[in-house]
Amino acid sequence: MWRVRTWRLVTTTTTCSRRRGVTPRVRACASNSGAEMEELHARIASLDNDPACDDPNAGRRIVVYRGSTNAKLMIVGEAPGANEDQLGKPFVGRSGQLLDQILSAASINPEDTYVTNVVKRRPPDNRDPTPDEIKFWRPLLLDQIRALKPAIILLVGRIAMSTLALDTDTEKRITYLRGRWLKPREDVATYDEDTFEPGAVTPPVSCSPALMAIFHPAYLLRNQSKEAGSPKALTWRDIRVVRHALHIRAPEMYPNEGPMLAPDDRT
């Protein structure tokens, strides 16, 4: 049975003006600063100059995050929807409930994750974010990554995947790239090429976060089959690989390997 949880959140309703931001780089192997994260959340919540802020059909809130600022697993979606705009929290509708159920089944407490989106304001009429919206919000997402210093970043859906990972153009759809360790863009993380194996269960050897993409829960809600090879079955495989990687990357928080991986999952 679904259990109602209380989430910490940062959100605001704003009026608009125009300013410009700066793109930071991630510092590997540094410790998380709670004060830095609090300042960052307040700064994001106070923004009033994003591309959709003047559109009457866009969301009225800046939806920053939910979860733990000490999380080792960062979850990045594309943008808030109507439910998220209403409640001021990311992933709180049916898709978010399914995501939390998947995490819980893999022995990942949703309360121990950090959940956010690439774009922090609901796009008009719930459409996909535009390139201008992604360009505006991406530096702030990089700020969140730098401040949180997660071990794993779970990219939920194609927009999150293409925003942070390399080699994710339209010719390589998420159907092909999901469940693989993805090469991050240079301003996200750095890896030793000798240790990078996209199909391996073990994540790349690096202090930088490891990236993996999964199907968006909204897609799973439209594809209910649990047969082998179905989107739900593939997502269950992927989330178990992530759970195994959390044991390797963050054993103090995840002291066991989680649900057993099948032999086919270790290739």
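These numbers were taken from a predicted model, which means no experiment stands behind them.

Q: Explain the overall build of the protein chain to me, please; I cannot follow it from the model alone.
A: If you tally the helices and strands in the protein chain, you get 8 helices and 7 strands. Within the protein chain, buried positions represent 54% of all 267 residues. A sequence separation of at least 24 residues applies to 75% of the contacts in the protein chain between residues at least 6 apart.

Q: When you look at the pattern of salt bridges in this model, what are you seeing that I'm missing?
A: Two side chains of opposite charge can pair, provided their charged atoms sit close to one another. The tally for this structure, following the rule as stated, stands at 13 salt bridges. One salt bridge in this structure joins Glu133 and Arg127, with 2.9 Å as the shortest N-O distance. A relative accessible area of 4% places Glu133 in the buried class. Three or more residues are tied together by salt bridges with common partners; here these are Glu36, Glu39, Arg43, Asp143 and Arg146.

Q: Looking at this structure, how should I read the pairing of strand β3 (residues 73–77)?
A: Side-chain direction in a regular strand flips from residue to residue, so the side chains alternate between the two faces of the sheet. Most of β3 sits inside the fold, with 5 of its 5 residues counted as buried. Residues of β3 alternate between two faces, with Leu73, Ile75 and Gly77 on one and Met74 and Val76 on the opposite face, all of them buried. Of the pairings in the sheet, the one linking β3 to strand β5 (residues 152–156) comprises 4 bridges and is parallel in character. What sits directly across from Val76, in β5, is Leu155.

Q: How should the environment of Ile134 be read in this particular structure?
A: Inspection of the secondary structure assignment puts Ile134 in helix α4 (residues 131–148). Among the residues examined, Ile134 registers a relative accessible area of 18% and is labelled buried. Taking C-alpha positions, Ile134 is 9.1 Å from Glu78, a pair spaced 56 residues apart along the chain. Apart from the residues lying within four places of it in its own chain, the contact partners of Ile134 are Val118, Val119, Pro129, Ile159 and Thr163.

Q: Help me understand the packing of helix α3 (residues 94–105) against helix α8 (residues 231–249), please; the structure alone is not making it clear to me.
A: Helices that pack against each other are described as a pair by the angle of their axes relative to one another and the distance between those axes. For the pair α3 and α8, the least separation of the axes is 9 Å and the interaxial angle reads 55 degrees. In terms of orientation, α3 and α8 fall into the oblique class. Considering how the two elements wind past one another, α3 and α8 form a crossing that is right-handed. Residues Ile102, Leu103 and Ala105 of α3 touch α8, and the partners they reach there are Thr235, Trp236 and Ile239. Tallied by class, residues from the contact of α3 with α8 come to 5 nonpolar, 1 polar and no charged.

Q: Looking at this structure, how should I read the confidence of the model for the protein chain?
A: The predicted coordinates should not be examined in detail at positions where pLDDT is low. When pLDDT is averaged along the protein chain, the result is 85, and 83% of the positions lie at 70 or above. Segment residues 1–13: pLDDT under 50, and 41 contacts once partners within four positions in sequence are set aside and those in other chains are kept. Segment residues 17–28 is flagged for pLDDT under 50; beyond a separation of four residues in sequence, or across chains, it makes 32 contacts in the model.

Q: Teacher, can you tell me more about unusual backbone geometry here?
A: As a rule of thumb, non-glycine residues mostly have phi less than zero, and peptide bonds are mostly trans rather than cis. The backbone phi angle of Phe91 is positive, close to 55 degrees, even though this residue is not glycine. You can see Phe91 is positioned in the loop between α2 (82–87) and α3. Although it is not a glycine, Asn126 sits at a positive phi angle of roughly 60 degrees. By the secondary structure assignment, Asn126 is in the loop between β4 (113–117) and α4.

Q: Please explain α4 as it appears in this structure.
A: Because each turn of an α-helix spans 3.6 residues, side chains separated by three or four positions in sequence point in the same direction. With 18 residues, α4 extends 25 Å from end C-alpha to end C-alpha; this agrees with the ideal 26 Å at 1.5 Å per step. Its axis deflected by about 35 degrees at Trp137, α4 carries its strongest bend there, up to four residues before the proline Pro139. Burial runs high along α4: 15 of the 18 residues are buried. Positive backbone phi, at 55 degrees, marks Lys149, one or two positions downstream of α4.

Thresholds applied
- Residues numbered from 1 in each chain as written.
- Predicted model: local features only at pLDDT ≥ 70, side-chain atom pairs only at ≥ 80, totals over all residues.
- Heavy atoms only, no water.
- Helix = DSSP H or I, 4+ residues; strand = E, 2+ residues; numbered from the N terminus.
- Buried < 20%, exposed > 50% of the residue type's maximum accessible area, 1.4 Å probe, protein only.
- Contact = heavy atoms within 4.5 Å.
- Salt bridge = Lys/Arg side-chain N within 4 Å of Asp/Glu carboxyl O.
- Pairing = 2+ DSSP bridges.
- Axes fitted to C-alpha atoms, helices over the stretch in contact; angles between N-to-C directions.
- Parallel < 35°, antiparallel > 145°, perpendicular 65-115°, else oblique.
- Left-handed = near helix turned anticlockwise from the far one by under 90°.
- Nonpolar A, V, L, I, M, F, W, Y, C, P; charged D, E, K, R; others polar.
- pLDDT = per-residue confidence, 0-100.
- Expected span 1.5 Å × (residues − 1).
- Bend = angle between axes of the 7 residues up to and from the residue.

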